[in-house]
Amino acid sequence: MKFNIALISFLSIIISSCTSGDVVMNKALQDPLEVTKLKIFNQSLTELPADIAKFKNLKSLYVMRTGIDSIPPEIGQLQQLEELVLSSNRISYIPEEIGYLKNLKSLSIRNN
């Protein structure tokens, strides 16, 4: 499966505090369907990469205090997503595709 540089950088940020970070990142890139939870806190980002849609089995996605100002429409492809936390960013618009998330039980967009 091909990944663009933005997604690889994105994953590098996610696992930067993990002691076995290289192993975790390689595993995530080799088999994104194995990834069910992503947490990104206190990082300097401008956007969530559209390639996030390759993580089809994500159940929880936390993106907090990163500075992102937009959510890609591809977020609607994460059909297994149950929890989406986008708090404390700079988001001013939520794409209509978020309505495609039929399993979504919890959405937090406070402090944007």
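Refer to the structure above for everything that follows.
Residues numbered from 1 in each chain as written. Predicted model: local features only at pLDDT ≥ 70, side-chain atom pairs only at ≥ 80, totals over all residues. Heavy atoms only, no water.

1. Overview of the overall build of the protein chain
Summing up its helical and strand segments, the protein chain has two helices and four strands in all. In sequence order, the secondary structure elements of the protein chain are arranged as α-α-β-β-β-β. Going through the 112 residues of the protein chain one by one, you find that 41% of them count as buried. As displayed, the protein chain has an accessible area near 6300 Å², and 49% of this comes from carbon and sulfur atoms. (Helix = DSSP H or I, 4+ residues; strand = E, 2+ residues; numbered from the N terminus. Buried < 20%, exposed > 50% of the residue type's maximum accessible area, 1.4 Å probe, protein only. Areas by Shrake-Rupley, 256 points an atom, 1.4 Å probe, with all protein chains shown as cover.)

2. Some words on the pattern of salt bridges
What the rule picks out here adds up to two salt bridges. For the salt bridge of Glu82 with Lys59, the shortest nitrogen-to-oxygen distance reads 4.0 Å. Of this pair, Glu82 sits in the loop between strand E2 (60–64) and strand E3 (83–85) while Lys59 sits in the loop between strand E1 (37–41) and E2; the two residues are 23 residues apart in sequence, bridging distant segments of the chain. Taking the relative accessible area as the measure of exposure, Lys59 reaches 36% and is therefore partly exposed. (Salt bridge = Lys/Arg side-chain N within 4 Å of Asp/Glu carboxyl O.)

3. Concerning the packing of aromatic side chains
With the rule as written, the count across this model stands at one aromatic pair. Against the face of Tyr62 rests Lys39, its NZ or CZ located 5.2 Å from the ring centre. (Phe/Tyr/Trp six-rings, centres within 6.5 Å; stacked < 30°, edge-to-face > 60°. Lys NZ or Arg CZ within 6 Å of the ring centre and 35° of its normal.)

4. A short note on the side chain of Ser87
Looking at the element boundaries, Ser87 is found in the loop between E3 and strand E4 (106–108). In contact with Ser87, other than residues within four places in its own chain, are Val63, Met64, Arg65, Ser108, Ile109, Arg110 and Asn112. (Contact = heavy atoms within 4.5 Å.)

5. Some words on the nonpolar core
In terms of nonpolar packing, the biggest core is built from 20 residues, with Leu58 and Leu61 touching the most fellow members. Elements that contribute at least two residues to this core include exactly E1 and E2. Beyond its immediate chain neighbours, meaning those up to four positions away, Leu61 contacts Leu38, Ile40, Leu48, Ile52, Ile75, Leu81, Glu83, Leu84 and Val85. (Core = buried A, V, L, I, M, F, W, Y, C linked by side-chain atoms within 4.5 Å.)

6. Describing the side chain of Thr66
Among the structural elements, Thr66 can be located in the loop between E2 and E3. From its side chain, Thr66 meets the backbone nitrogen of Ile68 in a polar contact 3.3 Å long. Residues within four places of Thr66 in sequence aside, it is in contact with Ile40, Gln43, Ser44, Leu45, Ser88 and Asn89. (Polar contact = N/O pair within 3.5 Å; in protein donor to acceptor, adjacent residues only side chain to side chain.)

7. Considering the pairing of E1
Only one face of E1 is covered, namely the face carrying Leu38 and Ile40; the face carrying Lys37, Lys39 and Phe41 is uncovered. Pairing geometry for E1 and E2, over five bridges, is parallel. Of the residues in E2, the one forming a bridge with Lys39 is Tyr62. (Pairing = 2+ DSSP bridges.)

Any functional reading would require information that these geometric values do not contain.
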